[in-house]
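Residue-level listing of the chains:
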Amino acid sequence: MTSEERRRQLGDDDAPVEDEIVESFDRIVEEGAGRLARSWLTMLITGTFGGLEIGLGVMAYLAVLHDTQNHLLAGLAFGIGFIALLLAKSELFTEGFLVPITAVAAKEASIGQLMKLWGSTLVMNLVGGWVFMWIVVQAFPQWKPELAAAAVHFVGAGFSWQTVCLAVLGGSTITLMTRMQHGTDSDAAKIIAAISGGFLLAGLQLFHSILDSLLIFGAIHAGVAVTYAEWIGWFGYTLLFNMLGGLLLVTALRLLRNKDLIQERRQAAPDDPDAAR
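Keep in mind the model is a prediction, meaning the values are calculated, not measured. Positions within a chain are numbered from 1, following the residues in the order the chain's sequence is written. It should be noted that, the model being predicted, local features are given only for residues of pLDDT at least 70 and side-chain atom pairs only at 80 or more, the latter also being counted only at that level, while totals for whole chains, interfaces and linings use all residues. Water and hydrogen atoms were dropped before computing side-chain values, which therefore reflect all heavy atoms in the structure.

**Q** When you look at the overall build of the chain in this model, what are you seeing that I'm missing?
**A** Every helix listed is a DSSP run of H or I at least four residues long, and every strand listed is a run of E at least two residues long, numbered separately from the N terminus. Summing up its helical and strand segments, the chain has 13 helices and zero strands in all. The helix and strand sequence of the chain, counted from the amino end, reads α-α-α-α-α-α-α-α-α-α-α-α-α. We call a residue buried when its accessible area falls under 20% of the maximum for its residue type, exposed when it is over 50%, and partly exposed in between, using a 1.4 Å probe and counting protein chains only. Counting the 277 residues in the chain, one finds 52% classified as buried. Residue contacts follow a heavy-atom distance rule, with two residues in contact if any of their heavy atoms lie within 4.5 Å. Look at the contacts in the chain between residues 6 or more apart in sequence, and 82% of them connect residues 24 or more apart. Accessible surface for the chain amounts to roughly 12,300 Å². Of this, 64% is attributable to carbon and sulfur atoms. Accessible surface area values rest on a Shrake-Rupley calculation with a 1.4 Å probe, where residue burial reflects the displayed protein chains alone.

Dropping the structure here:
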């Protein structure tokens, strides 16, 4: 069925489904199904690379922050990490709130596959980031003041409506960035989206479970008086509200917007996505 035929079938005179939305939806479902069909080993490796590559953004962020003491400029530099993730096609846990879930909603993949992706990616992002930040701290010990300030900013903030909202915004921002990148075939536009997402997340110091964990790990490696217990306390609620922000503010609304397209894919999908793959 062509895009035009699908548009006529699924839309109406008042609210047509644009060809671009159909194409973007198909692209998201196909990529999500492919990512969820990966083996355990592949997921673990891509998750590790994701931690290393987001570490490149953290390194750039700290370099600019050390020289300028300007979080907004440093946030622009952090976009390097998202560009690396984009071009290297690695896996970052918080980028898994739209594409894989859309594939599951369309019955192109299973919930079990989604849990495997989320679990392996989350753990290996943290492991890769922990290792990378140890190397960074040994290479650039002069960045200890910036790491200390970042760690205190996050773990010292405490649980409040402000920190909840910062975490919700962190999750929704990166999920929207992912949606923007899948809405275009232009590599230049995807890179602009990556830089924009990095600017908002790092420049505004939104709470992001992976990005900010790397800063906290760096502070611990540098000998700052921050403990892993304090990190876990901060990480737990930040992770939860990152997920709520990405899933409720972006993904759920996108799924509702594309409910007719999802229904069409579900009707054509195999009864058992795991067995089909």
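**Q** Before we go on, may I ask you to explain the nonpolar core in this structure?
**A** Across soluble globular proteins, you tend to see nonpolar side chains buried next to one another. Membership of the largest hydrophobic core comes to 63 residues, with the highest contact counts inside it found for Phe82 and Met133. The greatest single-element share of this core, amounting to nine residues, is contributed by helix H6 (residues 111–139). Beyond its immediate stretch of four places on either side in the chain, methionine 133 contacts Val58, Leu62, Leu147, Leu214, Phe217, Gly218 and His221. The definition of a nonpolar core used throughout is a set of buried Ala, Val, Leu, Ile, Met, Phe, Trp, Tyr and Cys residues joined through side-chain atoms within 4.5 Å.

**Q** In this structure, what is going on with the confidence of the model for the chain? I would like to understand it.
**A** Should pLDDT be low for a region, the predicted coordinates there are not to be read in detail. Confidence per residue, as judged by the predictor, is encoded in pLDDT with a range of 0 to 100. Mean pLDDT over the chain stands at 89; residues scoring 70 or higher make up 90%. Of all helices and strands in the chain, the one with the weakest mean pLDDT is helix H1 (residues 3–10) (50), whereas helix H10 (residues 211–221) scores best (97).

**Q** Just to check I follow, could you spell out a nonpolar patch on the surface for this structure?
**A** Nonpolar side chains (Val, Leu, Ile, Met, Phe, Trp, Tyr) within 5 Å and like charges within 9 Å form the patches, drawn only from residues with over 30% relative accessible area and no salt bridge. Salt bridge, as used here: a side-chain nitrogen of Lys or Arg that lies within 4 Å of a carboxyl oxygen of Asp or Glu. Taken together, the side chains of Val123, Val127, Trp130, Val131, Trp134, Ile135 and Tyr228 make up a nonpolar region of the molecular surface, amounting to roughly 620 Å² of accessible area. Here the element with the most residues in the nonpolar patch is H6; it accounts for six residues. On the secondary structure map, tryptophan 130 appears in helix H6.

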